[in-house]
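# Secondary and tertiary structure notes
In case you want the letters, here they are:
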Amino acid sequence: MTEISSKLGLNLKRIRTKKKMSQGDIARILEVHRAYVSGIESGKRNPTLATIKKLSDALSVSPDELLK
């Protein structure tokens, strides 16, 4: 797990739970499998910049909020 992947995963989970959204909710918006979202949150997946942008749109935050 790289540091940036870990940060992205932790921030995604923190923001998602704060907004009372499930991994399934995010997966449906992104049109991906829930396991893919789980992989991002655990730092095992490295999403593309386009996916990070879709995640930020789904959560109504800026992409840098997910990466800081």
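Conventions we followed
Residues numbered from 1 in each chain as written. Predicted model: local features only at pLDDT ≥ 70, side-chain atom pairs only at ≥ 80, totals over all residues. Heavy atoms only, no water. Helix = DSSP H or I, 4+ residues; strand = E, 2+ residues; numbered from the N terminus. Buried < 20%, exposed > 50% of the residue type's maximum accessible area, 1.4 Å probe, protein only. Polar contact = N/O pair within 3.5 Å; in protein donor to acceptor, adjacent residues only side chain to side chain. Contact = heavy atoms within 4.5 Å. Arc of directions from axis to C-beta.

Mapped onto the fold, E41 is located in helix α3 (residues 34-41). A relative accessible area of 11% places E41 in the buried class. One polar contact links E41 to Q23, side chain to side chain, over a distance of 2.8 Å. Once you skip the residues sitting within four places of it in the chain, E41 turns out to touch G9, L10, L12, K13, R16 and Q23.

Three or more residues of helix α4 (residues 49-59) are buried, namely T51, I52, L55, S56, A58 and L59. Looking straight down α4, one finds its buried side chains confined to an arc of 160°; they lie on one side. Tucked into the core, α4 has its buried residues touching α1 (3-18), α2 (23-30), α3 and α5 (63-67). Where α4 terminates, the next one or two residues include S60, which has phi positive at roughly 60°.

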